[in-house]
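# Per-entry structural report
The residues making up each chain are set out below.
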Amino acid sequence: MATRRVILLPGDGIGPEIAAPTVELLDAVAPAAFEFEEHLVGGASIDAHGTPLTDETLAACRAADAVLLGAVGGPRWDTTDPSRPRPEQGLLALRKGLGLFANLRPVRPVPALYDASPLRREVIEGTSLLVVRELTGGIYFGEKTRTEDMASDDCVYTRAEIERIARVAFRAARSKVTSVDKANVLETSRLWREVVLDLHAREFPEVELEHVLVDNAAMRLVAAPRDFDVIVTENMFGDILSDEAAMLTGSLGMLPSASLGNELPPNHPDSTPGVFEPVHGSAPDIAGRGIANPLAMFLSAALMLRHGFGLEDEAAAIESAVDRALADGLRTPDLGGDATTAQATRAVLQHL
Ligand code: IPM
Ligand code: MG
């Protein structure tokens, strides 16, 4: 197996605590397959360089085969002063800089955790859905203005941006695509709906398509999550709905994500490196105590193997080791237990 170059961005808070065992796990699943190069991002980079993402780090990510990220942010760098750097800007600049428009967030509650979810077992049983979130457009990246008494954030989408993310969703669908928008109010949503309908008629007439307003989608996600297969939506709706969907798995500490930039096969020379990161944040409240749940980051590493490198067997090996460790009783504090990060890592390694 050729060596793949992975940029490791542990970031802030629990990031470094879950990044280190993830490297250990990757070395166990595919010995000597990866070469890791570590860089700072987020608050750690602000402290060292005054900016949450340096040009050097972005260039290193561009030149690598994949990027594995922990989490960014923390109260130390919280500010409402627009002139001061924020850790999250590093993440946004990385996504934009690498052109990672497609964010995949698979939500598949593990049977062993059915009772860890705040929702009843009968509601979540059998859920397996994928949130496909547009990641480089919309209100996150529109023009911002600010005066003493007024502020604005523009939400802009082009036909091309909508079409490419919708195509990712249709390709990933097993049975149905649910396109989520707010077409009863927002002009961007009306364009969104029109483009999704056009693409569906032209390229994917065999896939079932439904349109759901975002408020209704939020309700249906907890009332009947089994009804969803692939949910495709714009940047901010996807941000909100994916945190909500994470609770179906019992904890935000379980949800991995893959951010991809083009539709080339993983090993193609022009393929953009993807960023693979847990959906959860840096959890400053528990940072430094060795009790963070590393499973979302392990599962993000599995997504890197699958989507970044086409290593399906190795990806599945990690996922099944995680499932079996949980079935065996592994519970970190976020899942109601008392396992430490080190114990969780050992449990998963044992089942690999
Ligand atoms: C996420 C996070 C980020 C986002 C933040 C940290 C900027 O919430 O990846 O979901 O809003 O995209
Ligand atoms: Mg979020």
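Quick notes on the rules
Residues numbered from 1 in each chain as written. Chains lettered and ligands numbered in written order. Predicted model: local features only at pLDDT ≥ 70, side-chain atom pairs only at ≥ 80, totals over all residues. Heavy atoms only, no water. Helix = DSSP H or I, 4+ residues; strand = E, 2+ residues; numbered from the N terminus. Rg over C-alpha atoms; globule rule 2.2 N^0.38 Å. Contact = heavy atoms within 4.5 Å. Lys, Arg positive; Asp, Glu negative; His and termini not counted. Charge placed at Lys NZ, Arg CZ, Asp CG, Glu CD. Phe/Tyr/Trp six-rings, centres within 6.5 Å; stacked < 30°, edge-to-face > 60°. Buried < 20%, exposed > 50% of the residue type's maximum accessible area, 1.4 Å probe, protein only. Lys NZ or Arg CZ within 6 Å of the ring centre and 35° of its normal. Pairing = 2+ DSSP bridges. Axes fitted to C-alpha atoms, helices over the stretch in contact; angles between N-to-C directions. Near = heavy atom within 4 Å. Polar contact = N/O pair within 3.5 Å; in protein donor to acceptor, adjacent residues only side chain to side chain. Areas by Shrake-Rupley, 256 points an atom, 1.4 Å probe, with all protein chains shown as cover. Nonpolar A, V, L, I, M, F, W, Y, C, P; charged D, E, K, R; others polar. Domains from an automatic or database assignment. Expected span 1.5 Å × (residues − 1). Arc of directions from axis to C-beta. Buried area = accessible area lost by both parts, 1.4 Å probe. Salt bridge = Lys/Arg side-chain N within 4 Å of Asp/Glu carboxyl O.

## So, the overall build of the protein
Secondary structure assignment for the protein yields twelve helices and twelve strands. The C-alpha radius of gyration computed for the protein amounts to 20 Å, which stays within 12% of the reference 20 Å derived for 352 residues, consistent with globular compactness. For the protein, the C-alpha atoms occupy an extent of roughly 50 × 50 × 45 Å along the three principal directions. For the protein, the proportion of contacts with a sequence separation of at least 24, taken over those separated by at least 6, is 75%. Taken as two groups, the 32 positive and 52 negative side-chain charges of the protein have centres that lie 3 Å from each other.

## Here's the deal with the packing of aromatic side chains
Per the stated rule, a full pass over the model turns up four aromatic pairs. When the centroid spacing of 6.2 Å and the interplanar angle of 50° are considered together, the rings of Phe 34 and Phe 36 count as tilted. On the basis of relative accessibility, which here comes to 25%, the residue Phe 36 falls in the partly exposed class. An angle of 15° between the planes, with centres 4.9 Å apart, marks the rings of Phe 170 and Phe 204 as stacked. Of this pair, Phe 170 sits in helix α6 (residues 159-172) while Phe 204 sits in the loop between α7 (187-203) and β9 (208-213), and the two are 34 residues apart along the sequence. If you follow Lys 96 out to its NZ or CZ, it ends over the ring of Phe 141, 4.7 Å from the centre. Residue placement shows Arg 164 over the ring face of Phe 101; its charged tip is 4.2 Å from the ring centre.

## Regarding the sheet that holds strand β10 (residues 230-233)
The sheet built from ten strands is open, its strands ordered β2-β1-β3-β12-β11-β4-β5-β10-β8-β9 with mixed pairing. The open sheet has two free edges, formed respectively by β2 (34-38) and β9, since each of these has just one partner strand. The mean angle between the axes of side-by-side strands here comes to 25°, regardless of whether they run parallel or antiparallel. Lying on the sheet, helix α8 (residues 214-223) is in contact with β5 (129-134), β8 (176-181), β9 and β10; it crosses β9 at an angle near 105°. Helix α9 (residues 235-246) rests against β4 (102-107), β5, β8 and β10 of the sheet, and its axis sits at about 150° to β5.

## Section: the site of ligand 1
Taken together, Glu 88, Leu 91, Arg 95, Arg 105, Arg 133, Tyr 140 and Asp 239 make up the full set of residues adjacent to ligand 1. Between Arg 105 and ligand 1, the recorded distance is 2.9 Å, taken from a side-chain N or O atom to an oxygen atom. Contacts to ligand 1 include Asp 239, whose side-chain N or O atom sits 2.9 Å from an oxygen atom. Out of a free accessible area of 320 Å², ligand 1 has 78% covered by protein chains. Top element by residues in the shell around ligand 1 is helix α4 (residues 87-97). It accounts for three residues. In the shell around ligand 1, the residues fall into two nonpolar, no polar and five charged. In terms of domain composition, the shell around ligand 1 takes at least three residues from each of domain 1 (1-106 + 251-352) and domain 2 (118-249).

## Considerations on the environment of Val 72
Looking at the secondary structure, you find Val 72 in the loop between β3 (66-71) and α4. Looking at Val 72, the relative accessible area reads 11%, which means it is buried. For Val 72, the residues in contact, after removing those within four places along its chain, are Asp 12, Val 41, Gly 42, Pro 87, Glu 88, Leu 91 and Ser 282.

## Concerning α7
Relative to the 24 Å expected for 17 residues at 1.5 Å per residue, α7 spans 24 Å between its end C-alpha atoms, a close match to the ideal helical length. Residues Thr 188, Ser 189, Trp 192, Val 195, Val 196, Leu 199 and His 200 constitute the buried set of α7. Summarising the axial view, the buried residues of α7 lie within an arc of 135°, below the 170-degree limit, and thus occupy one face. α7 presents Glu 187, Ala 201 and Arg 202 as exposed residues on the side facing more than 90 degrees away from its buried surface. Of the surrounding secondary structure, the elements contacted by the buried residues of α7 are β5, α6, β8, β9, β10 and α9.

## With respect to the domain arrangement of the protein
Entries for the protein in the domain assignment read domain 1 (1-106 + 251-352) and domain 2 (118-249). Inter-centroid distance (C-alpha atoms) of domain 1 to domain 2 is 23 Å. Of the roughly 1900 Å² buried at the junction of domain 1 and domain 2 (both faces included), carbon and sulfur atoms supply 62%. In this structure, the connection of domain 1 to domain 2 is made through zero salt bridges. Viewed at the interface, domain 2 and domain 1 are joined by six residue pairs in polar contact (both at pLDDT 80 or more).

## Structural notes on the pairing of strand β12 (residues 274-278)
Walk down a regular strand and you will see the side chains alternate between the two sheet faces. Here β12 lies mainly inside the structure; five of its five residues are buried. Burial of β12 is two-sided: the residues Gly 274, Phe 276 and Pro 278 facing one way and the residues Val 275 and Glu 277 facing the other way are all buried. Bridge count for β3 against β12 is three bridges, and the pairing is parallel. Among the inter-strand pairings, Ala 66 is bridged to a residue of β12, identified as Gly 274. Both strand β11 (residues 256-260) and β12 contribute to a ladder of four bridges, which runs antiparallel. If you follow Pro 256 over to β12, its bridge partner there is Pro 278.

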